[in-house]
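Chain by chain, the residues run as shown.
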Amino acid sequence: AQATWGFVGLGQMGYPMAKNLRSKIPATDSLMVFDINNSATSQFVEETSSSTNTGASVTIAKNLQDVARVSDTVLTMLPQPAHVKAVYDEFLSALSDGAVSRLFIDCSTIDVKTSVEVGSAIRAAGHDFVDAPVSGGVVGATAATLTFMLGASESTVQRAQPVLEMMGKRVIHMGNPGTGIVGKLANNYLLAINNLATAEAMNFGIKLGLEAKTLANLINCSTGRCWPSEVNNPVPGVIEGAPAGRGYQGGFGVSLMTKDLKLAIAAAELAGAKLVLAGAARQLYDEAEVHDECKGKDFSVVYKYLRLEEK
Ligand code: NAD
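Residues numbered from 1 in each chain as written. Predicted model: local features only at pLDDT ≥ 70, side-chain atom pairs only at ≥ 80, totals over all residues.

Moving on, we get to the overall build of the protein. A count of helical and extended segments in the protein gives 13 helices and nine strands. Along the first, second and third principal axes, the C-alpha atoms of the protein reach 70 × 50 × 35 Å. Once local pairs closer than 6 in sequence are excluded, the contacts in the protein between residues at least 24 apart make up 68%. (Helix = DSSP H or I, 4+ residues; strand = E, 2+ residues; numbered from the N terminus. Contact = placed C-beta atoms within 7 Å.)

Attention now goes to helix 9 (residues 212-220). Taken as a whole, helix 9 has its buried residues at L215, A216 and I219. Taken end-on, helix 9 shows its buried residues confined to a sector of 100°, consistent with a single buried face. Among the structural elements, helix 8 (179-207) and helix 10 (227-230) are those in contact with the buried residues of helix 9. (Buried ≥ 20, exposed ≤ 12 C-beta atoms within 10 Å, placed from the backbone. Arc of directions from axis to C-beta.)

This paragraph deals with the UniProt feature "active site" (unreviewed entry) in the protein. When the UniProt feature table is mapped onto this chain, "active site" (unreviewed entry) is found at K184. In this structure, K184 sits in helix 8. Setting aside residues no more than four positions away along its own chain, K184 makes contact with T109, P133, S135 and M149. (UniProt positions renumbered as here; feature names shortened; annotations may be inferred.)

On to the domain arrangement of the protein, then. Under the domain assignment, the protein is made up of domain 1 (4-177) and domain 2 (182-310). Placing a centre on the C-alpha atoms of domain 1 and another on those of domain 2 gives a separation of 29 Å. Counting residues at the interface gives nine residues for domain 1, matched by twelve residues for domain 2. Taken together, the residues that form the side of domain 1 that touches domain 2 break down as four nonpolar, four polar and one charged. (Domains from an automatic or database assignment. Nonpolar A, V, L, I, M, F, W, Y, C, P; charged D, E, K, R; others polar.)

Let's shift gears to the pairing of strand 5 (residues 103-106). Bridge count between strand 4 (residues 73-76) and strand 5: four bridges; the pairing is parallel. Across the sheet, the residue bridging to T76 is D106, located in strand 5. Bridge analysis of strand 5 against strand 6 (residues 128-131) gives four bridges, and the strand direction is parallel. Looking at the pairing, D106 lines up with D131 of strand 6. Taking the sense of rotation as the criterion, the β-α-β connection linking strand 5, helix 5 (residues 112-124) and strand 6 turns out right-handed. (Pairing = 2+ DSSP bridges. Right-handed = clockwise from strand over helix to strand, strands pointing away.)

This paragraph deals with the nonpolar core. Grouped burial of nonpolar side chains is what soluble globular proteins tend to show. Among the nonpolar cores identified, the biggest contains 88 residues, and V33, A132, L150, A160, Y285, V301 and V302 are the most heavily contacted of them. Looking at which domains feed residues into this core, each of domain 1 (4-177) and domain 2 (182-310) gives three or more. For A160, the contacting residues outside a window of four places in its chain are L103, I105, V130, A132, L150 and A152. (Core = buried A, V, L, I, M, F, W, Y, C linked by C-beta atoms within 7 Å.)

Right, let's talk about the environment of R170 for a bit. Along the chain, R170 turns up in strand 9 (residues 168-175). According to the C-beta neighbour criterion, R170 is partly exposed, with 14 such atoms within 10 Å.

Moving on, we get to the packing of helix 8 against helix 12 (residues 278-290). It is the contact of helix 8 with helix 12, at a shortest axis distance of 11 Å, that shows an interaxial angle of 75°. Overall, the two elements helix 8 and helix 12 adopt an arrangement that is roughly perpendicular. Facing A192, I193 and L196 of helix 8, the residues of helix 12 in contact are A281, L284 and Y285. Each residue belonging to the contact of helix 8 with helix 12 can be placed in one class, and the counts come to six nonpolar, no polar and no charged. (Axes fitted to C-alpha atoms, helices over the stretch in contact; angles between N-to-C directions. Parallel < 35°, antiparallel > 145°, perpendicular 65-115°, else oblique.)

What follows deals with the environment of M32. As for its position among the elements, M32 is in strand 2 (residues 30-34). Note on M32: 21 C-beta atoms within 10 Å, which makes it buried. It is 30 Å that separates the C-alpha atoms of M32 and V182, two residues lying 150 residues apart in sequence. Once you skip the residues sitting within four places of it in the chain, M32 turns out to touch T4, W5, G6, T59, A61, V67, V70 and S71.

Near the ligand you find 25 residues, and of these G9, G11, Q12, M13 and T109 are the closest. Breaking the shell around the ligand down by element, the ones donating at least two residues are helix 4 (81-94) and helix 6 (137-143). No other element matches helix 4, which puts three residues into the shell around the ligand. Among the residues forming the shell around the ligand, the class breakdown is 15 nonpolar, nine polar and one charged. (Near = placed C-beta within 6 Å.)

What follows deals with helix 13 (residues 302-310). Buried within helix 13 are the following residues: V302, Y303, K304 and Y305. Looking at the buried side of helix 13, the elements it contacts are helix 8 and helix 12.

A word on the UniProt feature "domain: 3-hydroxyisobutyrate dehydrogenase-like NAD-binding" (unreviewed entry) in the protein. Taken from the UniProt record, the annotation "domain: 3-hydroxyisobutyrate dehydrogenase-like NAD-binding" (unreviewed entry) applies to residues 178-306. Between the C-alpha atoms that bound residues 178-306 there is a distance of 35 Å. The span itself is 60% helix and 0% strand.

Put simply, the protein has an average pLDDT of 96, and 99% of its residues get 70 or more. Interface confidence for the predicted complex, given as ipTM, is 0.99, next to a pTM of 0.93. (pLDDT = per-residue confidence, 0-100.)

So this is what it looks like as structure tokens:
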């Protein structure tokens, strides 16, 4: 039978994810997209409707209620908790009881509380919801190699898995509703700290006379090795293709890292778990996020920020 798909939030991540989804669903299905940024939706329609681009038909939804009313499966990829709450409130206002059970998949990185609340409301209306945040960045979204971490019942996970496999390589069931978010925030807390620690270690090593590449090579075959040292090294010219080498353009925005760090701190507070390193890291990311030479850049720009502050 023909199916209708909904995708809300065609940003840095959502746009390439929706493109991959659309190219893998049956050509007889249809995909309805929505974004408050009209240029994102019109570009998506233009790009997917060219004569050489066969596949499922794409339409722009008039509003969010329409997306919820007609789609069998809805994916959302939105920036912050408030956006997710607002979008799902609209969905809920359009979902009448007793309708077919629809599947809602939220891939945004938000807080545990909002995600669990939204999920409960969707389930209470007779539909399935899964928190399914992602790791892998824009590169992974484009190449359909994302890792999804899921918080839901086993039956909901079984329903969501084949959908997510069209946009990623790994789907990991973390546990009950909300645990996908917990996994994501734990990972990104570590990433925030590793990125900053790599920037600090590289900086003092270089200042004491080491050549940047020599130091990175040593770290990357020693116990300090981590994703920021090996793949996204913050020092320009050390790793080919890393954002540092192109003025920190592209990559994972410093404001998104700052947001995730705050979400992780809130989650730890909720659990009464002690975070010793969070305070200092948060202060530095907060400052870098608004600095004229750092804002809008990849989060590895903290290396540049450290050096600016030293002068
Ligand atoms: P983005 O800001 O590029 O895209 C978000 C999109 O949502 C925008 O197009 C925006 O117009 C749209 N939007 C906002 N409010 C809306 C509303 N009410 N209705 C419809 N559309 C609305 O953000 P992104 O980089 O794509 O990130 C999305 C989420 O994924 C964030 O939670 C982020 O933390 C997470 N994430 C991002 C990355 C990354 O590398 N960028 C990696 C992993 C996870």
